[in-house]
Structures are given as structure tokens and as C-alpha cells.
Amino acid sequence: QQQVKQSPQSLIVQKGGIPIINCAYENTAFDYFPWYQQFPGKGPALLIAIRPDVSEKKEGRFTISFNKSAKQFSLHIMDSQPGDSATYFCAVNSGYSTLTFGKGTMLLVSP
Amino acid sequence: GAGVSQSPRYKVAKRGQDVALRCDPISGHVSLFWYQQALGQGPEFLTYFQNEAQLDKSGLPSDRFFAERPEGSVSTLKIQRTQQEDSAVYLCASSFDRGGELFFGEGSRLTVL
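Here's a quick rundown of the structure. Since this is a predicted model, take the numbers as computed values, not measurements.

**With respect to the packing of aromatic side chains**
Phase 1 of the analysis: Summed over the entire model, instances satisfying the criterion amount to 17 aromatic pairs over all chains.
Phase 2 of the analysis: A ring pair is formed by Tyr35(B) and Phe45(B), whose centres lie 6.0 Å apart and whose planes are at 75 degrees; its orientation type is edge-to-face. Of this pair, Tyr35(B) sits in strand β4 (residues 31–37) while Phe45(B) sits in strand β5 (residues 44–50); the two residues are 10 residues apart in sequence, bridging distant segments of the chain. Here the two residues Tyr35(B) and Phe45(B) agree in accessibility, since each one is buried.
Phase 3 of the analysis: Joined through ring pairs, the aromatic side chains of Tyr36(A), Phe89(A), Phe101(A), Phe33(B), Tyr35(B), Phe45(B), Tyr48(B) and Phe104(B) make up one cluster.

Structure below.
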């Protein structure tokens, strides 16, 4: 059973657009919701993360929106740039459990 | 080095061969994880070490997969009698403690012919 479902699978936006990537989970015990960014040939790198005590977190151009009742969270990239073209993964875990990743969203930001 | 180092970066093996993949975590990081990433997929958990103790190996797909971290630092993932379905990128990650941020290496890409 997939613990976190991520959509869309791929996304193309123009420079300056605001891509939105969504994740949904089932287990209400999850209490840590990070997003990772991965460039080709590189390992994933933590981009931004949120705990369920807040509904939104911003770091630079990246924002996580969290809806606890709907068990969903999303990543918004403001003023997207071609350098943001990468694969983005959401992930979930609780306490000291193992981080479980979504299947990823391949983002292309066209110039 | 400052980051997680993995070697080899690329490995081509004939079906049935044994392979060993090495991970050198960030100095001082207690926790070490191995993940398997198939093409176009997210990383999937294989195993977890806290220092030299392997506390969780529930993600290892078969008994052909074996991991060790004998001195609580460098770790090796060994795959015996490789099969084509083992072809993937094997990612190592470390963190200061289990609940801390994961830092990933660049991965070892294994291709089994």
C-alpha cells in the first residue's frame, strides 16, 4: 500500500509561473512532511519541510501548504526559473520511523 | 569530505555476479540509510543503521542483499548473484540522529546485463 500519493507525474510551466505539486497520505500518525529536490545524476536534497502544527511554511520562493483534515500537502514554487527544473519528491514519516517517498514529479520550467 | 560519498558511481555487472557498493557518510552522523531508486521512481527504503547496529532491514528485497557497517562509519551494501531487476540507483543517506535531516550521496548506478 502506497503511503503517500504524489501528483502530477510531470509538469511544464513557463518561467515566472507557479507550479504546484500535491501529495496525499493516509496515516494520521505522520508528523513530518518534507519535500526533496533531485537533479539528474544527483541524490535528493532537502528543500523545505513542515510539521502538522502549522498550515503553511515559506522559505524563499518555496511554500508548503498543509491541510491536516484533508491529509494533503503541497509545494508551490513562486516565480519559477529554468534552474528549478528537477524532480521533486514529497515524503512522510513519524517520530523515528523511516522516511517514505512519493513517486516524484518531473518539473520543467521553460525559458 | 563534507558530504556523503558513494562508490563506485557506476557499476555494470553480468547477471549472477556479486557486487559491493560503498558509502562513506558525513563524519559524526550516527544514522545511515540505504535506499533503492528505480528509474522514474522515488527512493525506496532498504535498511537502516544506528552506529554499527542494523536496526531495520525490512526493505531488503531478498536474502541476496546484505548490508554492514562494522565500525559505525563506512557502510557496504552487497548484492549476491545479481539479477536484472536489481538494476537501479542505490542511494546512501546519513543524518546526525534518526530524526534529523537526511543528507544523500549521489548514488551508485547499478546495471545488470
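**Points about the interface of chain A and chain B**
Phase 1 of the analysis: Opposite the 15 residues of chain A that make contact, chain B presents 17 residues.
Phase 2 of the analysis: Run the count over chain A and chain B and you get one salt bridge.
Phase 3 of the analysis: Of the charged contacts in the structure, one is a salt bridge between Glu106(B) and Lys42(A), with a shortest N-O distance of 2.7 Å.
Phase 4 of the analysis: One can count five residue pairs in polar contact (both at pLDDT 80 or more) joining chain A with chain B.

**Side note on the pairing of strand β5 (residues 45–50) of chain A**
When a strand is regular, its side chains alternate between the sheet's two faces.
Phase 1 of the analysis: The pairing of strand β4 (residues 33–38) of chain A with β5(A) spans five bridges and is classified as antiparallel. Opposite Pro34(A), over in β5(A), you have Ala49(A) as the bridge partner.

**Examining the sheet that holds strand β7 (residues 62–67) of chain A**
Residues and elements named next belong to chain A.
Phase 1 of the analysis: An order of β1-β3-β8-β7-β6 is seen for the five strands of this open sheet, with the pairing classed as antiparallel. The open sheet has two edge strands with one neighbour each: β1 (4–7) and β6 (56–59). This sheet shows a mean twist of 15 degrees between the axes of neighbouring strands, independent of strand direction.
Phase 2 of the analysis: In this sheet, strand β8 (residues 72–77) lies alongside strand β3 (residues 20–25) in antiparallel orientation, the contact comprising five bridges.

**A short note on the state of the cysteines**
Phase 1 of the analysis: Taken as a whole and assessed by the stated rule, the structure comprises two disulfides over all chains.
Phase 2 of the analysis: A disulfide bridge connects Cys23(A) with Cys90(A), and the sulfur atoms are separated by 1.8 Å. Since a negative S-S torsion denotes a left-handed disulfide, the Cys23(A)-Cys90(A) link at about -90 degrees is left-handed. One end of the pair, Cys23(A), is in strand β3; the other, Cys90(A), is in strand β9 (residues 86–92), with 67 residues separating them in the sequence.
Phase 3 of the analysis: A relative accessible area of 2% means that Cys23(A) is categorised as buried.
Phase 4 of the analysis: The disulfide that involves Cys23(B) links it to Cys92(B), with 1.9 Å between the sulfurs. Between Cys23(B) and Cys92(B), the S-S dihedral sits near -65 degrees, and the bridge is therefore left-handed. With Cys23(B) in strand β3 (residues 19–24) and Cys92(B) in strand β9 (residues 88–95), this residue pair connects regions lying 69 residues apart in the sequence. Of the two residues, Cys23(B) and Cys92(B), both sit in the buried class.

So, how was this worked out
- Throughout, a residue's number is its position along its own chain's written sequence, starting from 1.
- Lettering of chains starts at A and numbering of ligands starts at 1, both following the order in which they are written.
- Whole-chain, interface and lining totals are the exception, using all residues; otherwise, since this is a predicted model, local features are given only for residues with pLDDT of at least 70 and side-chain atom pairs are given and counted only at 80 or more.
- As a rule here, side-chain values come from all non-hydrogen atoms in the structure, and water together with hydrogens is ignored.
- Stacked, tilted and edge-to-face are the three classes assigned to paired rings of Phe, Tyr and Trp, where Trp is represented by its six-membered ring and a pair needs centres within 6.5 Å; plane angles under 30 degrees give stacked, over 60 edge-to-face, the rest tilted.
- Numbering of helices and strands runs from the N terminus, with a helix taken as a DSSP run of H or I at least four residues long and a strand as a DSSP run of E at least two residues long.
- Here the term buried applies to any residue with accessible area under 20% of the maximum for its type, exposed to any over 50%, and partly exposed to those in between, with areas from a 1.4 Å probe on protein chains only.
- Residues are treated as being in contact if the distance between any of their heavy atoms lies within 4.5 Å.
- Each reported salt bridge corresponds to a side-chain nitrogen of Lys or Arg within 4 Å of a carboxyl oxygen of Asp or Glu.
- We define a polar contact as two N or O atoms separated by no more than 3.5 Å, with the added condition that, inside protein, one atom must be a possible hydrogen donor and the other a possible acceptor, whereas residues neighbouring each other in sequence contribute only through side-chain atom pairs.
- Two strands are counted as paired when DSSP detects at least two bridges linking them.
- In this description, a line fitted to the C-alpha atoms serves as the axis of each element, helices being fitted only across the stretch in contact, and the angle between N-to-C directions of two axes falls anywhere from 0 to 180 degrees.
- When the sulfur atoms of two cysteines come within 2.5 Å, that pair is taken as a disulfide.

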